[in-house]
Protein chains: 2
Amino acid sequence: MRAVIPFDTRDPKSRLSPVLEPEERESFAEAMLADVLAALEPGDLDPEVVATTDPDFLVPAPVTVDERPLDAVVDAAIEAGTPVAVVMADLPLIGPAHITKLRNTPGDVVFAPGRGGGTNAMIVRDDAFHVDYHGVSIQDHRDIAHEAGLTVGEVDSFRFATDIDDPEDLVEVLVHGSRRAANWLREAGFEVTVVDGEPRISRD
Amino acid sequence: MRAVIPFDTRDPKSRLSPVLEPEERESFAEAMLADVLAALEPGDLDPEVVATTDPDFLVPAPVTVDERPLDAVVDAAIEAGTPVAVVMADLPLIGPAHITKLRNTPGDVVFAPGRGGGTNAMIVRDDAFHVDYHGVSIQDHRDIAHEAGLTVGEVDSFRFATDIDDPEDLVEVLVHGSRRAANWLREAGFEVTVVDGEPRISRD
């Protein structure tokens, strides 16, 4: 099965700007992508990174450049043939077991919800489906599937749900991560400290 | 097995003050507690709500009043006998399947991590364990278990990880919930709207 990993090379992870310099954000996004590809690698999946521009680092998977918006890229991947998996590039807490869980879940479409109404991964087994990542995408994706008469499976996973967008999300990587992105943060001096009883990231 | 559900009746869910009046917070906390008790009910668990003061509503489970801090309450529950489950009262997205998943996970102690470094549920099967809910409790709980030579299991669940503290957490209840707390919010006029591409709660 093909596995498409959309990857935006343009100003990646801009919401991490308060805590990371532009070059650091690029490097951290690369580390997260490597973690996602490592989660896909052990199976019989064919990962394909679809990047908005040619990445200026070595990607350990085939790369296609497609500057269209996310919805168009994913819809084209569905039209090119099902089943197809779509996995976001900013999920540094997933491992091979999570991809297996996604694949073992029945449904014409299977979603792994993200925090805040997102859809962090999916498997599309019927090309009557199309995507809409704007807004509360998990609700839109459920609605699109139901209107097309498709069955829906969902995977309940904290690690799938944890996409990394904001500085507070880095707490999750440090507390639960053990691979490249987590190591990147630790080597960059980040740690979790407790301020007024709440965990916060700090940097030495 | 006993299942202890600590419940703070004093100024419940204070961080929801920006969007809920004090009486509403009490009523919403009651709805979340009912959802948690419904998740526990179908099994052979004996739920026991440990409240800081006598609740002024009918709790569908035995209630003990204990005004001590959370750590002391849970440590007393462990000392009273293992195995014992400890489940937070603000997890309106869990159902019986999640409790089953927790029970079926091997380990002297089993944790269900919460977002932000929390520990939203646990099963303690060895009384050499004790709790420390302050700060990054999941890390502290892993450390306490390891220092006591205990094996640790963890449950990867978005629904277990989603405790409801802040207004933005209500998005999750509206998007993924279907029981009392979700209905409470809908009947109170809350809905999810998209502002600048981000989901936000609004109230009509």
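Refer to the preceding data block for the structure.
The shown structure was predicted, so the numbers you read here are calculated from the model rather than taken from an experiment.

1. Remarks on the overall build of chain A
A count of helices and strands for chain A gives seven helices and nine strands. A compact globule built from 204 residues should have a C-alpha radius of gyration of about 17 Å, and chain A, at 17 Å, falls within 12% of that. Counting all 204 residues of chain A, 55% fall into the buried class. The long-range share in chain A, meaning contacts at least 24 apart out of those at least 6 apart in sequence, stands at 61%. With the model as given, the accessible surface of chain A reaches about 8,600 Å², and the carbon-plus-sulfur share is 48%. Computed over 17 positive and 40 negative side-chain charges, the separation of the two mean positions in chain A equals 4 Å.

2. Points about a negative patch on the surface
A surface patch of like charges, here negative, comprises E21, E23, E26, D54 and D56 of chain A. Inspection of the secondary structure assignment puts D56 of chain A in the loop between strand 2 (46-51) and strand 3 (63-65).

3. Section: the sheet that holds strand 7 (residues 152-154) of chain A
Residue and element names in this part refer to chain A. Strand order in this open sheet of seven strands is 3-2-1-4-6-5-7, and the pairing throughout is mixed. Every other strand in the sheet has two partners, leaving strand 3 and strand 7 as the edge strands with one partner each. If you compare each strand with its neighbour and ignore which way they point, the axes differ by 25° on average. Lying on the sheet, helix 1 (residues 22-40) is in contact with strand 1 (2-7), strand 2 and strand 4 (84-87); it crosses strand 1 at an angle near 170°.

4. Focus on the side chain of D156 of chain B
Mapped onto the fold, D156 of chain B is located in the loop between strand 7 (152-154) and helix 5 (158-161). Side-chain polar atoms of D156 of chain B contact the side chain of H98 of chain A, separated by 3.3 Å. At 2.9 Å, the side chain of D156 of chain B and the backbone nitrogen of R159 of chain A are in polar contact. What D156 of chain B contacts, discounting residues up to four positions off in sequence, is H98, K101, D156, S157, F158 and R159 of chain A together with K101 of chain B.

5. Examining the relation of the copies chain B and chain A
Between chain B and chain A, the superposition needs a rotation of 180° and an axial shift of 0.0 Å, giving an RMSD of 0.0 Å. Taken together, the rotation and translation relating the two chain copies correspond to the operation of a two-fold axis. Residue by residue, 100% of the interface of chain B is reproduced at the interface of chain A, so both copies engage with the same surface.

6. Some thoughts on the packing of aromatic side chains
All names here are of chain B. The tally for this structure, following the rule as stated, stands at six aromatic pairs over all chains. Between F28 and W184, the aromatic rings sit 5.4 Å apart at their centres with planes inclined by 50°, giving tilted as the arrangement. Here W184 lies in helix 7 (residues 180-187) and F28 lies in helix 1 (residues 22-40), a separation of 156 residues in the sequence. Here F28 and W184 have matching classes, each one buried. Plain terms: the ring middles of F111 and F129 are 5.7 Å apart, the flat faces sit at 45° to each other, and that makes the pair tilted.

7. Remarks on the packing of helix 6 (residues 169-176) of chain A against helix 4 (residues 137-147) of chain B
Relative to each other, helix 6 of chain A and helix 4 of chain B sit at 10°, their axes nearing to 10 Å. What the angle tells us is that helix 6 of chain A and helix 4 of chain B run roughly parallel. Across the interface between the two elements, L174, V175 and H176 of chain A from helix 6 of chain A touch I138, Q139 and R142 of chain B from helix 4 of chain B. Looking at the contact of helix 6 of chain A with helix 4 of chain B, its residues break down into three nonpolar, two polar and one charged.

8. With respect to the packing of helix 6 (residues 169-176) of chain B against helix 7 of chain B
All names here are of chain B. One can describe the packing of helix 6 onto helix 7 by two numbers: an axis separation of 9 Å at closest approach and a directional angle of 105°. Classified by the angle between their axes, helix 6 and helix 7 sit roughly perpendicular to one another. Between helix 6 and helix 7, the contacting residues are L170, V173 and L174 on the first element and A181, A182, L185 and R186 on the second. Of the residues in the contact of helix 6 with helix 7, the class split is six nonpolar, no polar and one charged.

Reading the values: rules and limits
- Within every chain, residues take consecutive numbers counted from 1 along the sequence as written.
- To read the labels, note that chains go from A and ligands from 1, taken in the order they are written.
- For this predicted model, a pLDDT threshold of at least 70 governs which residues receive local features, and a threshold of 80 or more governs which side-chain atom pairs are given and counted, while totals over whole chains, interfaces and linings are taken from all residues.
- Processing note: side-chain calculations cover all non-hydrogen atoms of the structure and skip hydrogens and water entirely.
- Runs of H or I in DSSP of at least four residues are treated as helices and runs of E of at least two as strands, each being numbered from the N terminus.
- Each radius of gyration reported is based on C-alpha atoms, and the globular scaling rule is 2.2 Å times the count of residues to the power 0.38.
- For every residue, the accessible area (1.4 Å probe, protein chains only) is compared with the maximum for its type, and the residue is labelled buried under 20%, exposed over 50%, or partly exposed between those bounds.
- We call two residues in contact whenever any of their non-hydrogen atoms come within 4.5 Å of each other.
- For the area figures, the Shrake-Rupley method with a 1.4 Å probe applies, and any residue is considered shielded solely by the protein chains shown.
- Neither His nor the chain ends is counted toward charge; the positive residues are Lys and Arg and the negative residues Asp and Glu.
- Lysine's charge is taken at NZ, arginine's at CZ, aspartate's at CG and glutamate's at CD.
- Each patch is assembled from residues with relative accessible area greater than 30% and no salt bridge, linking like charges that lie within 9 Å and nonpolar side chains (Val, Leu, Ile, Met, Phe, Trp, Tyr) that lie within 5 Å.
- Any Lys or Arg side-chain nitrogen found within 4 Å of a carboxyl oxygen on Asp or Glu counts as a salt bridge.
- Should DSSP find at least two bridges between two strands, the strands are taken to pair.
- Helix axes are fitted to C-alpha atoms over the stretch in contact, other axes to C-alpha atoms as well, and angles between N-to-C directions run from 0 to 180 degrees.
- Pairing of N or O atoms within 3.5 Å defines a polar contact, subject to two protein rules: one partner must be a possible hydrogen donor and the other a possible acceptor, and residues neighboring in sequence count only if both atoms are side-chain atoms.
- Superposition of the copies was done by least squares, using only C-alpha atoms of residues whose pLDDT is at least 70 in both.
- Note on ring pairs: Phe, Tyr and Trp rings are taken, using the six-membered ring of Trp, and paired if centres are within 6.5 Å. Classes follow the plane angle, with under 30 degrees stacked, over 60 edge-to-face and the rest tilted.
- The scheme is simple: roughly parallel for angles under 35 degrees, roughly antiparallel for over 145, roughly perpendicular for 65 to 115, oblique for anything else.
- The nonpolar class holds Ala, Val, Leu, Ile, Met, Phe, Trp, Tyr, Cys and Pro. Asp, Glu, Lys and Arg form the charged class, and all remaining residues, Gly among them, are polar.

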